[in-house]
Amino acid sequence: MKLTKKINSINQLKNFALNLSKCLKGNEIILLKGNLAAGKTTFTRFLVSAIDPEAEDQVSSPTFSVMNEYETSRFPVYHIDLYRVKDFDFSDVLGHGLVLVEWAEKVSDFGDYPVIFIDISIVDENKRIFKIETRNADYLNECLK
């Protein structure tokens, strides 16, 4: 599935993250692309908070640590930032929780795992365009609309 979603406010972004969280099983890979300040970490914060409100304060950019792990009441979330990384071994996290990857331009193949590609474009300070594509994840289609 491919779709384009206009996000016109921070509240719309929160609602999108909330709707998506309802369909997640915890074995998905979400690949986030977008320029600096496009909202990759903000989206991740809202999604983790929607999965488990207790975990929201834990979410921060893993630019320097490369990976942050958030324990939620539903499943672990692995938040990976590849901005400064040329190669990353995903074998320890795939299938063990939700994997969110910022700067996902550097990765491509994840076999049969459900993958959501989100390319975020900045329109202005508060507006974004999300170009979304899924693979092996038809069960997410309704929650992504």
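Presented here is a report on the structure given in the accompanying data block. (Residues numbered from 1 in each chain as written. Predicted model: local features only at pLDDT ≥ 70, side-chain atom pairs only at ≥ 80, totals over all residues. Heavy atoms only, no water.)

### Topic: the pattern of salt bridges
Between side chains of opposite charge, pairing is possible as soon as their charged atoms come close. Across all of its chains, the model carries one salt bridge by this definition. Residues Lys145 and Glu142 are paired through a salt bridge, measuring 3.3 Å at the closest nitrogen-oxygen approach. (Salt bridge = Lys/Arg side-chain N within 4 Å of Asp/Glu carboxyl O.)

### Quick notes on the nonpolar core
Residues Ile30, Phe43 and Leu47 are the most contacted members of the largest nonpolar core, which totals 32 residues. Contributing elements (two or more residues each) for this core: strand 1 (2–7), helix 1 (10–23), strand 2 (29–34), helix 2 (40–51), strand 5 (98–102), strand 6 (115–122), strand 7 (128–135) and helix 3 (141–144). Beyond its immediate sequence surroundings of up to four residues, Phe43 is in contact with Leu13, Phe16, Ala17, Leu20, Ile30, Leu32, Leu100, Ile118 and Phe130. Core analysis: the second largest hydrophobic core is formed by 18 residues, Ala104, Val107, Phe110 and Phe117 among them. (Core = buried A, V, L, I, M, F, W, Y, C linked by side-chain atoms within 4.5 Å. Buried < 20%, exposed > 50% of the residue type's maximum accessible area, 1.4 Å probe, protein only. Helix = DSSP H or I, 4+ residues; strand = E, 2+ residues; numbered from the N terminus. Contact = heavy atoms within 4.5 Å.)

### Regarding the state of the cysteines
Under the definition given, this model contains one disulfide. With a sulfur-sulfur separation of 1.7 Å, Cys23 is cross-linked through a disulfide to Cys143. On the S-S bond that ties Cys23 to Cys143, the torsion sits near 40°, and the link is right-handed. Taken together, the residues Cys23 in helix 1 and Cys143 in helix 3 connect sequence positions 120 residues apart. For Cys23, a relative accessible area of 19% puts it in the buried group. For Cys143, a relative accessible area of 12% translates into the label buried. (Disulfide = S-S within 2.5 Å.)

### Digging into the pairing of strand 5
Most of strand 5 sits inside the fold, with five of its five residues counted as buried. Where strand 2 meets strand 5, four bridges bridge the pair, whose relative direction is parallel. Opposite Ile30, over in strand 5, you have Leu100 as the bridge partner. (Pairing = 2+ DSSP bridges.)

### Side note on the sheet that holds strand 2
Reading across from one edge, 1-7-6-2-5-4-3 is the order of the seven strands in this open sheet, with mixed pairing throughout. At either end of the open sheet lies a strand with only one pairing partner, and these are strand 1 and strand 3 (67–70). Going across the sheet, the axis of each strand differs from the next one's by a mean of 20°, ignoring polarity. Relative to strand 4 (residues 77–81), strand 3 runs antiparallel, the two being bridged by four bridges. Counterpart to Tyr70 in the pairing with strand 4 is Val77. Contacts from helix 1 reach strand 1, strand 2, strand 6 and strand 7 within the one sheet, and its direction differs from that of strand 1 by about 140°. Sheet strands touched by helix 2: strand 2, strand 3, strand 4, strand 5, strand 6 and strand 7. Its angle to strand 5, the strand with the most contacts, is close to 165°. (Axes fitted to C-alpha atoms, helices over the stretch in contact; angles between N-to-C directions.)

### A word on the packing of helix 1 against helix 2
Closest axis-to-axis distance for the helix 1/helix 2 pair is 8 Å, and the angle between their directions is 50°. When the axis of helix 1 is compared with that of helix 2, the two are oblique. Relative to helix 2, helix 1 is oriented so that their crossing is right-handed. Together, Ile10, Leu13, Lys14, Phe16, Ala17, Leu18, Leu20 and Ser21 of helix 1 and Thr42, Phe43, Phe46, Leu47, Ala50 and Ile51 of helix 2 make up the contact between the two elements. Taken together, the residues of the contact of helix 1 with helix 2 sort by class into 11 nonpolar, two polar and one charged. (Parallel < 35°, antiparallel > 145°, perpendicular 65-115°, else oblique. Left-handed = near helix turned anticlockwise from the far one by under 90°. Nonpolar A, V, L, I, M, F, W, Y, C, P; charged D, E, K, R; others polar.)

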